[in-house]
Every structure is written in structure tokens, then in C-alpha cells.
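# Per-entry structural report
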Amino acid sequence: MSDPSILLLASLAEGDKHGYAMMEDIEQFAGVRLGPGTLYGAITRLEERGYIQAIESSDKRRQPYRLTDSGRQHLAAETAALSRIVKTAASRLEPA
Amino acid sequence: MNRLARLMVRLYPSRWRARYGLELNALIEDSGAKRLDLLDLLAGAFKMQFCNWKFPAGLALAGLAIATLAVEFVPKSYLAETSVHLAANNQGKAVQKALSRSALFEVIRAEGLYEQERARLPLEDIVEKLRKSTDIPAATPDGITKVSFQYPDEAVAQRVVLRLAAAIAEPGPVSTSLNFPNTRTFQIAGAGLGLLVGLSFVFFRRRPA
């Protein structure tokens, strides 16, 4: 699973983070290093869709983001769908 | 490498940079740009610019479609042409006679030309209109000239040009072409206008507040 948007939402589900913190977190839990262009492309899309929002911060260079309620719902729905796929795939891989 | 990466950030749309530029530059500083990050930033900038181009491109396509449709509804004008061989000693007189008031009036009457205009304009104006729609350039040294006439009805244009040419000499075969509207010109103008409106919109929208 390497969809940058889902990885980013999963990272923010743990708590508010700025770009670099998200990059580090994602690398740690998913083993994927998102490039700066990919990360900020995903941030742009997710903010436009209202899944994440920027938090008031005095440091505009390290702007933290938070998961919104709709972002949380979206992540839950995506996670459930992925779980079904993983379960199905796992059961089909088991020897008959 | 970080310097190159920051240059890549400049490729993003200015409106986007006004919102995320500082953060992205800080991320590049904090994480230290790798070689692959340059490609990643280039692809990101391309995607963001493409989002900006979608709107003008869409308007250009819409302009193209509207222009293609509009061509069908625009009043058309056909150009009928034929060639005649003029006798060397009689060139000027023959053309003059063919374009005389009485000859042109006979053509107007016989072909029922400019019916709507005839109801509200004096005959002199109608004759002048026919004269302006007719072109008989000077003959080539071997005495050949073209007679052409423009009219909204293709068949009438052909008949009139044959009448006018026959008044001068034995006419050759008649060819007809659509003189107006030129479909390609309309399409280029429609697409161009759409693109211009779209680009103006994007330009003013992109300017940071």
C-alpha cells in the first residue's frame, strides 16, 4: 500500500504533524520515503478535499496539519476496504 | 542539491507557491534533497501546472466545438468562377457591356437576385451590389480572364456567373467553392478565444493576494 494520500492520513491519525514529521513518520511505519513533491501534492489534494487542515502556527515554514472529521471517516472507509482486500487475498493464498 | 531543489520549487504555479512554497522549501532544508527528489519535485510542478492548464484547455476545446457548430448557422456565401477568352480587339468593351446597368438589371430580374433588398432599396443600389459581388480582373496577355460572383445560393451563383461570362464570350466550366465562412478560420478563432479567456482567468486567479 503506497498511496501517498492514505499514508499521509494514516500519519496524521496519530497526531498533528508538519511536512517533515509526516515524511519521517511514513518512512518509519510504511518503509516508504515520499519525495517532497509527492508529499506536498498529497497535502494539497487532501486540504482541498477537506480531509486535513492547517493549524494556526507562528512558524509558517513548518506548518502543522490536522486530520479533520471527514478525513478520519475517509481513512476509516479506505482502511476497511483495504482490510477486506487483504483478508480475501490472504484466504485465497492459503493452501486448499 | 538543496539549491537545485529550491529552483525546482520555482516551477510550481505562483499561487500554489504563495500557499505552500515556504513549507516545501523548509521540508527540503530539513530532509536534505536527494537526486530523486529533484525528479519528484519536477513531476509535482508539472502536475500542479497541468491543473492550471486544464481550465484554459477545456475552454479552448469548448470554443472549438462552438465554432464548429456556429459554422452551420452562419449565412454562407459561395464563390462561382469561370474563365473566358476575350477577343484581343474587344476586351474592354465586352466587360463594360457585361457590367452595364441594363445587363446587370436583366440578370437580377431573370435570376430573382436580392429579393429582400429589392423590396427596400432603389434599383441602383441593387445593381451596385451585384457589381460589387462580381469580379472580372484584367485579362492575361493571351486574353484569358476569370469571371467570379459571390452569392448565398450555390446554384444561383453558378447560373449568374455563367450569364455574366456568356455576355462577354463563350464561358468555360464553372467551379464553386464556399467563400464564407471558412470552417478552419472559425475553429482557430473559437479555440484561440477560448484559450485566451481561460489563460486570462488563470493568470488573474494565480496572482497571489
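Residues numbered from 1 in each chain as written. Chains lettered and ligands numbered in written order. Predicted model: local features only at pLDDT ≥ 70, side-chain atom pairs only at ≥ 80, totals over all residues. Heavy atoms only, no water.

## Some points on a nonpolar patch on the surface
Residues and elements named next belong to chain B. Put simply, the rule reads: Excluding any residue in a salt bridge, patches collect residues exceeding 30% relative accessible area, merging like charges within 9 Å and nonpolar Val, Leu, Ile, Met, Phe, Trp and Tyr side chains within 5 Å. Working definition of accessibility: Shrake-Rupley area with a 1.4 Å probe, residue cover restricted to the visible protein chains. Throughout this description, the term salt bridge denotes a Lys or Arg side-chain nitrogen within 4 Å of a carboxyl oxygen of Asp or Glu. Secondary structure follows DSSP: runs of H or I at least 4 residues long count as helices, runs of E at least 2 residues long count as strands, and numbering of each begins at the N terminus.
Residues Phe46, Phe50, Trp53, Leu195 and Leu199 make up a contiguous nonpolar surface patch of about 510 Å² in total accessible area. Put simply, the parts of the chain that give the nonpolar patch at least two residues each are α3 (35-73) and α9 (183-206). Of all the elements, α3 adds the most residues to the nonpolar patch, at three residues. Mapped onto the elements, leucine 199 comes out in helix α9.

## Some remarks on empty space enclosed by the protein
Put simply, the test is: Definitions used for this entry: grid spacing 1 Å over protein atoms alone; cavity, a set of points where a 1.4 Å probe fits but cannot get out; pocket, an open set with protein on both sides within 12 Å along at least 5 of 7 lines; lining residue, one with an atom within 4 Å of a point. Grid points are joined across faces, edges and corners, and a volume is the space filled by probe spheres set on the points. Gly counts as polar in this scheme, as do all residues outside two lists: the nonpolar Ala, Val, Leu, Ile, Met, Phe, Trp, Tyr, Cys and Pro, and the charged Asp, Glu, Lys and Arg.
All told, the structure shown has one cavity of 30 Å³ or more when counted by the stated rule. Its boundaries defined by the atoms lining it, the largest cavity holds a volume of some 40 Å³. Taken together, A:His18, A:Gly19, A:Tyr20, A:Tyr40, A:Arg61, A:Arg62, A:Gln63, B:Glu23, B:Ala26, B:Leu27 and B:Asp30 make up the full set of residues lining the largest cavity. Of all elements in the fold, only α2 (19-30) of chain A together with α2 (14-31) of chain B reach the threshold of two or more residues within the lining of the largest cavity. The element best represented in the lining of the largest cavity is α2(B), accounting for four residues. Here the lining of the largest cavity is composed, by residue class, of four nonpolar, three polar and four charged.

## Remarks on the confidence of the model for chain B
Convention followed: Each residue carries a pLDDT value, the predictor's own confidence for that position, ranging from 0 to 100.
On average, residues of chain B carry a pLDDT of 87, and 95% of them reach 70 or more. Across the whole predicted complex the pTM is 0.53, and at the interface the ipTM reaches 0.86.

## Regarding the layout of surface pockets
As a volume, the largest pocket reaches approximately 600 Å³. Lining the largest pocket we find 23 residues, and of these A:Thr44, A:Glu48, B:Trp16, B:Met48 and B:Cys51 sit closest to its centre. Elements supplying a minimum of two residues to the lining of the largest pocket: α3 (36-48) of chain A together with α2, α3 and α9 of chain B. Among the elements that line the lining of the largest pocket, the one with the most residues is α3(A), at eight residues.

## Let's talk about the interface of chain B and chain A
To keep it simple, the criterion reads: Working rule for contacts: check all heavy atoms of both residues, and any pair within 4.5 Å makes them a contact. Values labelled buried area give the accessible surface lost by two parts on being combined, using a 1.4 Å probe and summing over both. Identification of polar contacts relies on pairs of N or O atoms within 3.5 Å, with a donor-acceptor requirement for protein atoms, meaning one able to donate a hydrogen and the other able to accept it, and with residues adjacent in sequence counted only if both atoms are side-chain atoms.
At the interface, 19 residues of chain B touch 20 residues of chain A. The contact between chain B and chain A buries some 1,700 Å² in all, and 55% of this surface belongs to carbon and sulfur atoms. The largest share of the area that chain B buries against chain A comes from B:Glu23, B:Leu27 and B:Asp30, three residues that together contribute 32% of it. Linking chain B with chain A are four salt bridges, by the criterion used here. Here B:Asp30 makes a salt bridge to A:Arg62, at a shortest N to O gap of 2.9 Å. The interface formed by chain B and chain A holds eleven residue pairs in polar contact (both at pLDDT 80 or more) in total. Looking at the side of chain B that touches chain A, the elements with two or more residues in it are α2 and α3 of chain B. For the side of chain B that touches chain A, the element with the most residues is α2(B), which contributes twelve residues. In the side of chain B that touches chain A, the residues fall into ten nonpolar, two polar and seven charged.

## Points about α2(B)
Rules: The bend at a residue is defined as the angle formed between two axes, one fitted to the seven residues ending at that residue and one fitted to the seven starting there. For every residue, the accessible area obtained with a 1.4 Å probe (protein chains only) is divided by the maximum for its type, and the residue is called buried under 20%, exposed over 50%, and partly exposed between those limits.
The largest bend along α2(B) reaches roughly 65° and is located at B:Tyr20. Within α2(B), the full set of buried residues consists of B:Trp16, B:Tyr20, B:Gly21, B:Glu23, B:Leu24, B:Asn25, B:Ala26, B:Leu27, B:Ile28 and B:Ser31. Among the structural elements, α2, α3 and β2 (65-67) of chain A together with α1 (2-9) and α3 of chain B are those in contact with the buried residues of α2(B). At the C-terminal side of α2(B), B:Gly32 shows a positive phi close to 75°.

## Considerations on the sheet that holds strand β4 (residues 175-180) of chain B
Residue and element names in this part refer to chain B. Definition in use: Each pair of strands is called paired provided DSSP finds at least two bridges between the two strands. A fitted line through C-alpha atoms serves as each axis, taken over the contacting stretch for helices, and the angle formed by two N-to-C directions is quoted from 0 to 180°.
The sheet built from four strands is open, its strands ordered β2-β3-β1-β4 with antiparallel pairing. Only two strands of the sheet have a single neighbouring strand rather than two, namely β2 (134-135) and β4. Examined bridge by bridge, strand β1 (residues 77-85) and β4 share five bridges and lie antiparallel to one another. Residue serine 77 lies in a different strand from β4, and its bridge partner there is phenylalanine 180. Lying over the sheet, helix α8 (residues 154-166) contacts β1, β2, β3 (144-151) and β4, oriented at roughly 145° with respect to β3.

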